[in-house]
Amino acid sequence: MERIDAHQHFWRYHPVRDAWITDDMERIQRDFLPDDLLPLLVANQVTGCVAVQADQSEAETLFLLDLAARYPFIKGVVGWVDLRAADRADRLRYFRQYPKLKGFRHIVQGEQDVRFLLQPAFLQGVESLGKLGYTYDLLVKPHQLDAALEFVRTLPVQPLVIDHLAKPYIQAGSREPWAAQMAAIAKYEHVCCKLSGMVTEADWEQWKPADFQFYIRHMLEVFGPERLMFGSDWPVCQVAATYTQVVDLVAEAIGGLTESEQQSIWYQCAADFYGLNSE
């Protein structure tokens, strides 16, 4: 069964630029590059990955595209461009030269404005992506889900994927209103969701697979396997788990599904959403 890791990161660590990597995340305060990831992919039968931006700069986008050009197992890149800028159309046209650039993301979870997604300039920027064949990764936290629902409704044809289940409060065991909000978003069939980023929302030192059962089961119920994709969130996951532990967590959770349903989560949903070519 073919596997794609639909969400991971690379960086050359810089303490100022990467200030979000706080001292309690000391394990990832270093460089993480393709040669670090490849052995983990091979060990877990993962044939390729999608590299996602972690810094909001075009330099980051170009850095990831350069890596993708040199490492065939990087099947796609989710970059960043200023979607509110007056020259965004020019910038997007510039990036059309890179076939491995599949979509874009903004770190909305860090924005103070709870309705950031609904700013007219930002909405217009995201709306322009689909016309060029680009996807958009939606990175939000639970307190931003009401705005995310309105965002999804406003962009009915833009391919969207929610990163990390919108980061439910797993450590606290909180379920509502997250569950109801995600169910409402899932009614819109142009939206997918990544089974990713879960271990870092749990107790980093003492999590157990049972902590995630409700959240994964709920995603299966409201999105269905055909709109879910696996992502490791490596190397961020390493503050709480190894790559193999993250893979095993998902494998155990979806082990009762049919082979076709599992294949959708491990590979097909990501391949279809991002337009990845199997080699």
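Notes on the structure follow. Keep in mind the model is a prediction, meaning the values are calculated, not measured.

### Quick word on the side chain of D137
Then, number 1: Inspection of the secondary structure puts D137 in strand β5 (residues 135–138).
Then, number 2: Those residues in contact with D137, other than ones at most four positions away along the chain, are H7, V78, F104, R105, H106, V161, D163, K194 and Y274.

### Quick notes on helix α9 (residues 259–274)
Then, number 1: Its 16 residues place the ends of α9 22 Å apart at the C-alpha level, agreeing with the 22 Å of an ideal helix rising 1.5 Å per residue.
Then, number 2: Residue I265 marks the point of greatest curvature in α9, where the axis turns by about 55 degrees.
Then, number 3: Within the sequence span of α9, burial applies to Q262, S264, I265, W266, Y267, C269, A270, A271, F273 and Y274.
Then, number 4: Within two residues after α9, G275 carries a phi angle of roughly 65 degrees, on the positive side.

### Considerations on helix α3 (residues 88–95)
Then, number 1: Within α3, the full set of buried residues consists of R88, L92 and F95. The buried residues of α3 occupy an angular sector of 60 degrees when the element is viewed end-on, so they sit on one face.
Then, number 2: Those residues of α3 that are buried are in contact with α2 (58–70), β4 (101–106) and α4 (120–131).

### Quick word on the environment of S260
Then, number 1: When you line up the elements, S260 lands in helix α9.
Then, number 2: By relative accessible area, S260 is classed as exposed at 57%.
Then, number 3: Separated by 35 residues in the primary sequence, S260 and P225 place their C-alpha atoms 9.0 Å from one another.

### Overview of the sheet that holds strand β3 (residues 74–79)
Strands in a sheet are paired, the pairing made by backbone hydrogen bonds, and the direction either parallel or antiparallel.
Then, number 1: Here we have eight strands laid out as an open sheet, ordered β1-β2-β3-β4-β5-β6-β7-β8, and parallel in their pairing. Since the sheet does not close on itself, it has two edges, and those belong to β1 (4–8) and β8 (228–230), each with one partner. Each strand axis lies, on average, 25 degrees off the axis of its neighbour in the sheet, ignoring direction.
Then, number 2: Pairing analysis gives three bridges linking β1 to strand β2 (residues 48–52), with the strands arranged parallel. Considered in β2, the bridge of D5 is made with C49.
Then, number 3: Taken strand by strand, α4 contacts β4 and β5, and its axis lies near 135 degrees from that of β5.
Then, number 4: Helix α8 (residues 243–254) rests against β1, β7 (191–195) and β8 of the sheet, and its axis sits at about 150 degrees to β8.

### Quick word on the packing of aromatic side chains
Then, number 1: Scanning the model with the defined rule gives 20 aromatic pairs in all.
Then, number 2: Here F214 and Y215 contribute two aromatic rings whose centre-to-centre distance is 5.3 Å and whose plane-to-plane angle is 80 degrees, an arrangement assigned as edge-to-face.
Then, number 3: The class for Y215 is buried, based on a relative accessible area of 2%.
Then, number 4: Among the aromatic residues, those joined into a ring-pair cluster are F10, W11, W20, F32 and W234.

### Focus: the pattern of salt bridges
Then, number 1: The full count for this structure, using the stated rule, is 10 salt bridges.
Then, number 2: E205 is the partner of R27 in a salt bridge, and the nearest nitrogen-oxygen pair spans 3.2 Å. Of this pair, R27 sits in the loop between β1 and α1 (34–43) while E205 sits in the loop between β7 and α7 (213–222), and the two are 178 residues apart along the sequence.
Then, number 3: Exposure remark for E205: the relative accessible area of 60% places this residue in the exposed category.
Then, number 4: Note that K194 is salt-bridged to D163, the shortest N-O span being 3.6 Å. Taken together, the residues K194 in strand β7 and D163 in the loop between β6 (160–162) and α6 (178–186) connect sequence positions 31 residues apart.

### Looking at the pairing of β7
Then, number 1: Counting buried residues in β7 gives five out of five residues, a clear majority hidden from the surface.
Then, number 2: Both faces of β7 are covered, namely the face carrying V191, C193 and L195 and the face carrying C192 and K194.
Then, number 3: With three bridges joining them, β6 and β7 adopt parallel strand pairing. In the sheet register, L160 faces β7, and the bridge partner there is V191.
Then, number 4: Handedness of the β6-α6-β7 crossover: right-handed.
Then, number 5: Remark: the β7/α7/β8 crossover connection has right-handed handedness.

Calculation rules
Residues numbered from 1 in each chain as written. Predicted model: local features only at pLDDT ≥ 70, side-chain atom pairs only at ≥ 80, totals over all residues. Heavy atoms only, no water. Helix = DSSP H or I, 4+ residues; strand = E, 2+ residues; numbered from the N terminus. Contact = heavy atoms within 4.5 Å. Expected span 1.5 Å × (residues − 1). Bend = angle between axes of the 7 residues up to and from the residue. Buried < 20%, exposed > 50% of the residue type's maximum accessible area, 1.4 Å probe, protein only. Arc of directions from axis to C-beta. Pairing = 2+ DSSP bridges. Axes fitted to C-alpha atoms, helices over the stretch in contact; angles between N-to-C directions. Phe/Tyr/Trp six-rings, centres within 6.5 Å; stacked < 30°, edge-to-face > 60°. Salt bridge = Lys/Arg side-chain N within 4 Å of Asp/Glu carboxyl O. Right-handed = clockwise from strand over helix to strand, strands pointing away.

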